[in-house]
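Each chain is listed here by its residues.
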Amino acid sequence: MKEKHLGTGTATGKIILMGEHAVVYGEPAIAFPFHAAAVTTTVESAENMWLDCTYFSGPLSESPKQLHNIKESIVETLAFLSKNDSLAITIASTIPPERGMGSSAAVAVSVIRSIFDYYNYVATDKELAILVNNAEKIAHGNPSGIDAAATSGQQALFFVKGQELQPFPMDLKDAWLIVADTGIKGQTREAVKDVAHLFEIDKVTISKKITTLGNLVQNSKQAILTNDVQQLGDAMDQAQQLLTELTVSHPMIQQLVNAAKANGALGAKLTGGGRGGCVIALASSQHSAEKIATAFRHTGAVNTWIQSLEAQK
């Protein structure tokens, strides 16, 4: 393996389309790569191990605790390749952290790919996944693997806890997804804990809501495979109502959902853990998507992105 002058690695954000929270109880979820937000890492030779990113610029050994997962992914990847060279690693990301868009996994994917590229090593998907999931264990404790797969892959993923990820084609004609950042950090752990508490108090009622969310995921997958954009939008609206009833929405999320619907969205809902994070909306034309994005910003979203749901050519 001969080093290049410069190694480069990229990864995308990820969006959970349907199945938040219900996935904890064995129901399916759908996630997919979100190309409108991405991260690029470059690697070059240096006198000392150096890391440069939004949060920190300096010797890798002095990087803060919040970057421990990235530090370990660098160390582990070099160990995997049996290398001990000093490198300067620069990370540039447009994926907002702590918004449910897979930021930590995407950065890990990008960093590991950049080191592989620097050494001209062609890694298998399995080798990449093992290294990324090791980094994700540091960041999240017990990762499902869906973030690592969605930020490094090209296809939508159908996911059931404890089962192998099932890729399937996302190729919706005349469909655009608009994502709005509430500007509020997601509260995934608290939200999951609160849903579990509701489940303990009223198992029958909460079980019905969770089962319904799972059914909506199945309906959404069918809508995607049959190019039924309206059915997908309807499922998103129903999911948002159920997630609100499970107490994982937020006033800002609801304001953005209402703004999207008032401006022609076929469906709109939170994405990820809730209590902050991001909102997604579905539109049937690029013009409509741009109108919804403008409405999002006027309502207080700190950032918006638009992605066509037609397969990337």
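Each chain carries its own residue numbering, running from 1 in the written order of its sequence. Whole-chain, interface and lining totals are the exception, using all residues; otherwise, since this is a predicted model, local features are given only for residues with pLDDT of at least 70 and side-chain atom pairs are given and counted only at 80 or more. Only hydrogens and water are set aside; all other atoms, that is, all heavy atoms of the structure, feed into the side-chain values.

As for the UniProt feature "domain: GHMP kinase C-terminal" (unreviewed entry) in the chain
UniProt positions are given in the numbering used here, feature names are shortened, and annotations may be inferred rather than shown by experiment. Residues annotated by UniProt as "domain: GHMP kinase C-terminal" (unreviewed entry) correspond here to residues 222–300. In the segment residues 222–300, helix accounts for 59% and strand for 14%; the C-alpha atoms at its two ends are 33 Å apart. The helix and strand labels rest on DSSP assignments: H or I over at least four residues marks a helix, E over at least two residues marks a strand, and numbering proceeds from the N terminus.

Re the domain arrangement of the chain
Domain extents, as shown, originate in an automatic or database domain assignment. According to the domain assignment, the chain contains domain 1 (6–168) and domain 2 (176–308). Taking the mean C-alpha position of each, domain 1 and domain 2 sit 25 Å from one another. Note on contacts: a residue pair is in contact if any heavy atoms of the two residues lie within 4.5 Å. Listed by partner, the interface residues are 28 residues for domain 1 and 41 residues for domain 2. In this description, buried area is defined as the sum, over both parts, of the accessible area (probe of 1.4 Å) that is lost when the two are combined. The junction of domain 1 with domain 2 conceals about 2,800 Å² of combined surface from both sides, 69% of it contributed by carbon and sulfur atoms. What counts as a salt bridge is simple: a side-chain nitrogen of Lys or Arg found within 4 Å of a carboxyl oxygen of Asp or Glu. Applying the counting rule to domain 1 against domain 2 returns three salt bridges. Between Lys185 and Glu98 there is a salt bridge, with the nearest N and O atoms lying 3.5 Å from each other. Two N or O atoms form a polar contact when they lie within 3.5 Å of each other; inside protein one atom must be a possible hydrogen donor and the other a possible acceptor, and for residues adjacent in sequence the pair counts only when both atoms belong to side chains. On inspection of domain 1 and its partner domain 2, the count reaches twelve residue pairs in polar contact (both at pLDDT 80 or more). Breaking the side of domain 1 that touches domain 2 down by element, the ones donating at least two residues are strand S1 (7–18), strand S2 (29–45) and strand S7 (166–168). Broken down by element, the residue count for the side of domain 1 that touches domain 2 peaks at eight residues, all from S2. Gly is placed with the polar residues, together with every amino acid not listed as nonpolar (Ala, Val, Leu, Ile, Met, Phe, Trp, Tyr, Cys and Pro) or charged (Asp, Glu, Lys and Arg). When grouped by side-chain class, the residues that make up the side of domain 1 that touches domain 2 number 18 nonpolar, six polar and four charged.

Observations regarding the pairing of S2
Inspection of the sheet shows S1 paired to S2 by eleven bridges, in the antiparallel sense. Across the sheet, the residue bridging to Met18 is Ile30, located in S2. Pairing of S2 with strand S6 (residues 156–159) involves three bridges; the strand directions are antiparallel. Counterpart to Ile30 in the pairing with S6 is Phe158. As judged from the seven bridges shared by S2 and strand S5 (residues 87–93), these two strands associate in the antiparallel manner. Looking at S5, one finds that Thr42 is bridged to Thr90. A strand pair is defined by DSSP finding two or more bridges across the two strands.

Some thoughts on the layout of surface pockets
Roughly 370 Å³ of volume is contained in the second largest pocket. Looking at the second largest pocket, it is lined by 17 residues, and the ones nearest its centre are Asp125, Ala148, Ala149, Ser152 and Leu165. Of all elements in the fold, only helix H2 (103–118), helix H3 (125–140) and helix H4 (146–152) reach the threshold of two or more residues within the lining of the second largest pocket. Residue contributions to the lining of the second largest pocket peak at five residues, all from H3. Partitioning the lining of the second largest pocket into residue classes produces nine nonpolar, six polar and two charged. Think of a 1 Å grid over the protein atoms and nothing else: a 1.4 Å probe that fits but is trapped marks a cavity, an open set flanked by protein within 12 Å on at least five of seven lines marks a pocket, and residues with an atom within 4 Å of a point count as lining. Grid points are joined across faces, edges and corners, and a volume is the space filled by probe spheres set on the points.

As for helix H8 (residues 251–262)
Residues separated by three or four positions in an α-helix point in the same direction, a consequence of the helix having 3.6 residues per turn. Expected span of a helix, by definition, is 1.5 Å for each gap between consecutive residues, and there is one gap fewer than residues. For H8, with twelve residues, the first-to-last C-alpha span of 16 Å sits near the 16 Å given by 1.5 Å per residue. Exposed residues in this analysis have more than 50% of their type's maximum accessible area, buried residues have under 20%, and partly exposed residues fall in between, with area computed by a 1.4 Å probe over protein chains only. Within H8 the residues assigned to the buried category are Met252, Ile253, Leu256, Val257, Ala259 and Ala260. The buried residues of H8 occupy an angular sector of 160° when the element is viewed end-on, so they sit on one face. Residues of H8 that are exposed and point over 90 degrees away from its buried face: Pro251 and Ala262. On its buried face, H8 sits against strand S8 (176–181), helix H7 (229–245), strand S9 (267–271), strand S10 (278–283) and helix H9 (286–299). At the C-terminal side of H8, Gly264 shows a positive phi close to 95°. The arc refers to the directions leading from the helix axis to the C-beta atoms.

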